[in-house]
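Summary of structural features
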Amino acid sequence: SRYKYSNKMYKLLLYLLCVVNLSKQEDDVYNIFPSLPVVIEKSENKLCQQHNEEYLDSLKNLTLWAHEMRDASMKSATGVLRGSIYNLGDFTQCLSARAPFPTQYCLITITANIQQPKSARNPFSLNFQPDELLLNRLYKYPDVSQQSRNVVKMGRCIPASCTPLEIEKFTNDHLNKTENILKKHNVTYTAQVPQILCTSSNDVRSIDGASVTFCVLTATLLLLVAISTFWEHVMEFDKIHKSSFTCRLFLAFSAKQNFPDLNKCESSNKSLSILYGVKTFGMFMIILVHRFGTFVGGTVSNFDYVEESYRNALVSYLFRGDLFVDTFFVISGLLATYNLLNAFEKRIVNPGFIIFMRYLRLTPAYAFVIFYACTLFYQSGDGPLWNAVIGKEVQDCRESWWISLLYLSNYINTQHMCLPHTWYLPCDFHYFVVAVGLVLLIRKAKKCGLGIVLALIIVSILIHFVLIFVYKSSAFLRFYPSFLQNPKADRDYQLIYIKTHARATPYFIGVFAGYVYYKFKGCDRVLSKCYSTTVAIVSTILLLVCIYSAVIFYDPFHEYNALESATYGALHRVVWALGSFGLMYAISFGTLSFLYKCLSWSAWVPLSKLVYGAYLVHFLFQMRESAKARHSVVFNFFDIVLTALGDIVLAFILSLGLYLTVEAPVRRVLKEILVPDKGKGQHSNTEQNTPAKAINRVHH
C-alpha cells in the first residue's frame, strides 16, 4: 500500500511539473521578444561549456552564486510598446557574483525583423487603436521621431570564458528554435553581442603613465595655488609689487590675487554690463538643453511621452536650444570687435600677436579638460553603457587631442572629435582671426570695412542655404533619437552644424554690433522710451518666432520641401541674431531700466567669467551620468529642469576650480612674459586703456 501511495504521489508531482513547464512555455510563446536562454548549452569552447554546465548544475542545486548570476539577468523584455529598449538587469550584481569562475555582463541587442504591415495606416501617426494588430505598433516606420519598437537591449550575466561571438551564435540559434506567436506572421529574430557592450569581472583598469602625469600635474597646480596664496598672505603689499620677475610669476598662482578679479567689471563702457547677465543666462540654457539631450539619448522607459513632446509647441524651447549658441556667437563677435577697436585707438598692434594671444588665452583650460578626458575620465565610473559611451569618447580624445588643440576638430576627423560639444571653439577661433582683419579694415576705411562685413553676412546666408538645398538636409539639427544617441555620426551635425563656414552669420552680425557699441561708447541713453520699447518688443517677437516656429519642422506630417527648409535654415539664424542684438541694443541704450538692472546685476559678473570653464566641463559629467545608468529612467520635464539646476551648480563650482588653478594663473604668467606693465606699482585709471589691457579683455 505504501508503494502504491508513493507511486501515485510521484505521478502527481510529475504531472504538476509538466503543467508548470507547459504553462511557462505558453507564457514565452506570447512574449513580444522570446526569453533568452539560461545558459549556453553548446559551445566549441570547452572552458565555456564547462563553466555553463557548472552554472546550470548550481542553479538546480539552489546555490547562491548561481542565482546571483541568474537574478542579475533579464528574463524577458518589458515596456517595449512604450518605447523602452533598455532592459539592463543588474550590472553590479553580475560582476560581484561569487562564482568559481569570472563572470561577465553583456548587453545583447535583439532585433525583430517585421515585414511591412498591410494595413493602410499613416506611418507618422502616434494614435493606435486598442484592437489594432500588434505588428502595426512594432514595425519600424520611416518617422525618425519615433523610437524603434522592434529592437531591445537585454542584460545577461554569463561566464567570462564565453566570447561575445559565441554568445551571439548560440543566442541566434536559440531564437531560431524558440516558439513564438509572432513567427506565424513571418517575424524573425536576430541577436548581436558587440564586444564593447560586454564587461568582465576580470577587466582591470590600470592607471597608465598619462593618468599618472595628469594626477601629478593637478597636484602640482593645487600645491602652487596653496603655497603662493599663503605666501602672499604673509607678505606686505608693497614688497609683492617690488619683488623680482620670478616672484611675480610664482604669485600668479595666488588665489588671493585671482579670486578678486572675478568681481572686476567693465568700467569703460557701462552699456556692456548687460552682457554679464546675457552670457550667464545663455550658459544656463545650454546646460539645460544638453541635460535634455543626454537624458533622452539614454535609458528612457517612456519614450512615447518624448515622441508626443516633439510635436508640442509649448516645449519647443528645449528642441531649439542650439539657438542660444548663436547668441554666444553674437556676443563673441561684439566683444572681439569692440575690444579690438579700443586696442587700435592709439596704435596698431601686430595682428599675428593678437591671434597668438587669443590662442594662449583659450587653450590652457581647454587642454586641461582634454587631458582629463584622455586619462581619468574613464576611471570615474562604470555601467552597462560605459564602454560604448565613455570608453569610445576617451579613445577618440586620445586619437584626436592634437587636432582639437589646433582648433581644426570641426573639419578633420570629425567623427572622432574629442568631446562633441567643443565644436564651438574652433568656429569661434576661426571667426576671431577673420574679425582681426575686418577691424583693421574698418579702422582704415570704415565704409569699405562695414561693406565687407555686410557682404560676409550675405555670403554666409547663401552658404547655409546651398548646403541644405543641395544635400536635402533638414532646416536645422533636430534632437531626434538617432542624433542624441550618437551625435558625431549624424550627417547634419557633420555637414552643417559644426562647420565654420555654415555657422558664421551670427558672428558677423555680432561684429556689426560691436562697431555700434564702440560708436556709442560713453553714451548712457541714446534711444527714446517709445523707440527702445518698440525695438525690444519686435526683437522679443523675433526670438519667440525662431523658437516656436520649429514645431513646423518637428511635425512629421509636414511634407519635406528642400527650398522651404533651405530658406528657413538660412534665415532663421539671421533673425535670431538680429533679435538678440536688437534686445541687447534696446536695453543698453534705451530706457528699459528694469531689464538693464536685472542683466547688469553684480552677481552676474563673477558667474559670467566662469562661463567658459562651465561650458568646457558640464558635458563631461552629463555624459558620465548617462553612461553609468543601471536601470531605465522615466522622462518628465520637471526632473530635467531639476537635474539641470544641479548641473549648473556643479559646472560653475568646477569652473571656479579650473579658473583658480589653470585659467587665471596662466593668464597672469603670460601677461608677465608677453605684455608686462611698465612701471610696476603705479596704478592709474588710464592703465585700462592701454593696447595691452584692451587685448587682454578680448576673450571668449
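Check the entry above for the structure.
Here we summarise the structure given alongside this text. (Residues numbered from 1 in each chain as written. Predicted model: local features only at pLDDT ≥ 70, side-chain atom pairs only at ≥ 80, totals over all residues. Heavy atoms only, no water.)

With respect to the pattern of salt bridges
To keep things clear, this is the line we draw: A carboxyl oxygen of Asp or Glu within 4 Å of a side-chain nitrogen of Lys or Arg is what we treat as a salt bridge. For the exposure calls, accessible area comes from a 1.4 Å probe over protein chains only, and a residue counts as buried if that area is under 20% of its type's maximum, exposed if over 50%, partly exposed in between.
Taken as a whole and assessed by the stated rule, the structure comprises 24 salt bridges. A salt bridge links Asp261 to Lys264; the nearest nitrogen and oxygen atoms lie 3.0 Å apart. Look at Asp261 and you get buried, because its relative accessible area is 17%. A residue is classified by how much of its surface remains accessible, and Lys264, at 52% relative accessible area, is exposed. Of the charged contacts in the structure, one is a salt bridge between Asp492 and Arg491, with a shortest N-O distance of 3.8 Å. Relative accessible area serves as the criterion here: at 16%, Asp492 is assigned to the buried category.

A short note on the state of the cysteines
Cysteine pairs can be linked by a disulfide, which is a covalent bond between their two sulfur atoms. This is how it is decided: Two cysteine sulfurs form what is called a disulfide whenever their separation falls within 2.5 Å. Here a helix means four or more residues in a row that DSSP labels H or I, a strand means two or more in a row labelled E, and each is numbered from the N terminus.
For the structure shown, the criterion picks out four disulfides. Between Cys48 and Cys162 runs a disulfide, and the two sulfur atoms are separated by 1.9 Å. Across the S-S bond linking Cys48 and Cys162, the dihedral sits near 90°, which makes this disulfide right-handed. With Cys48 in helix α2 (residues 46–60) and Cys162 in the loop between β3 (151–159) and α6 (164–177), the pair connects residues that are 114 residues apart, well separated along the chain.

Considerations on the packing of aromatic side chains
Basically, it comes down to this: Stacked, tilted and edge-to-face are the three classes applied to pairs of Phe, Tyr and Trp rings, where Trp contributes its six-membered ring and a pair requires centres within 6.5 Å; stacked means planes under 30 degrees apart, edge-to-face means over 60, and tilted covers the rest. Charge-over-ring placement is defined geometrically: NZ (Lys) or CZ (Arg) within 6 Å of the ring centre, and within 35 degrees of the ring normal.
Under the counting rule described, the total for this entry stands at 55 aromatic pairs. The interplanar angle of 50° and the centroid separation of 5.8 Å between the aromatic rings of Tyr305 and Phe635 together place this pair among those described as tilted. With Tyr305 in helix α12 (residues 303–310) and Phe635 in the loop between α27 (611–627) and α28 (637–674), this pair connects stretches of sequence that are 330 residues apart. Among the aromatic residues, ring-to-ring pairing joins Phe292, Phe295, Tyr305, Tyr310, Phe319, Phe476, Tyr480, Phe553, Tyr554, Tyr568, Phe635 and Phe637 into one connected group. The ring of Tyr378 has Arg205 sitting right over it, with the charged end atom 4.6 Å from the ring centre.

Quick look at the pairing of strand β2 (residues 103–113)
To be explicit about the condition: For two strands to count as paired, DSSP must find a minimum of two bridges between them.
Most of β2 sits out of view: 10 of its 11 residues are buried. As paired elements, β2 and β3 share nine bridges and run antiparallel to each other. The residue bridging Ile110 from the neighbouring strand is Val152, located in β3. Pairing of β2 with strand β5 (residues 198–200) involves three bridges; the strand directions are antiparallel.

Some words on α27
Counted only if it meets this: Expected span, for any helix, means 1.5 Å times one less than how many residues it has. Bend angle per residue: angle between axes fitted to the 7 residues ending at that residue and the 7 residues starting there.
Taking 1.5 Å per residue as the helical rise, α27 with its 17 residues ought to reach 24 Å, and the 25 Å between its terminal C-alpha atoms agrees with that figure. Maximal helix bending in α27 amounts to about 25°, located at Val617. Counting buried positions along α27 gives 15 out of 17 residues, so the element sits mostly inside the fold.

Remarks on the side chain of Thr178
How we decide: For this analysis, a polar contact is any N or O atom pair within 3.5 Å, provided that within protein one partner can donate a hydrogen and the other can accept it, and provided that sequence-adjacent residues contribute only side-chain to side-chain pairs. By the convention used here, residues are in contact when the closest approach between their heavy atoms is within 4.5 Å.
Mapped onto the elements of the fold, Thr178 is located in the loop between α6 and β4 (188–192). Since its relative accessible area comes to 16%, Thr178 is described here as buried. Looking at Thr178, its side chain comes within polar contact range of the main-chain oxygen of His174, at 2.6 Å. Residues contacting Thr178, with those up to four places away along its chain left out, are Pro34 and Lys183.

Overview of helix α16 (residues 386–405)
The sharpest bend along α16 reaches about 60° and sits at Glu399. When α16 is considered as a whole, its buried residues turn out to be Trp386, Asn387, Ile390, Gly391, Glu393, Val394, Asp396, Cys397, Ser400, Ile403, Ser404 and Leu405. Phi turns positive one or two residues past the end of α16, at Tyr407, with a value near 55°.

Section: the packing of helix α7 (residues 209–234) against α28
Spelled out, the test is: Helix axes are fitted to C-alpha atoms over the stretch in contact, other axes to C-alpha atoms as well, and angles between N-to-C directions run from 0 to 180 degrees. Angles are sorted into four bins: roughly parallel if under 35 degrees, roughly antiparallel if over 145, roughly perpendicular if 65 to 115, and oblique for all others. For this classification, the nonpolar set comprises Ala, Val, Leu, Ile, Met, Phe, Trp, Tyr, Cys and Pro, the charged set comprises Asp, Glu, Lys and Arg, and every other residue, Gly included, is treated as polar.
Interaxial distance between α7 and α28 falls to 10 Å at its minimum, and their mutual angle equals 85°. In terms of orientation, α7 lies roughly perpendicular with respect to α28. Between α7 and α28, the contacting residues are Leu221, Leu222 and Val225 on the first element and Leu660, Thr661 and Val662 on the second. Of the residues that constitute the contact of α7 with α28, the class distribution is five nonpolar, one polar and no charged.

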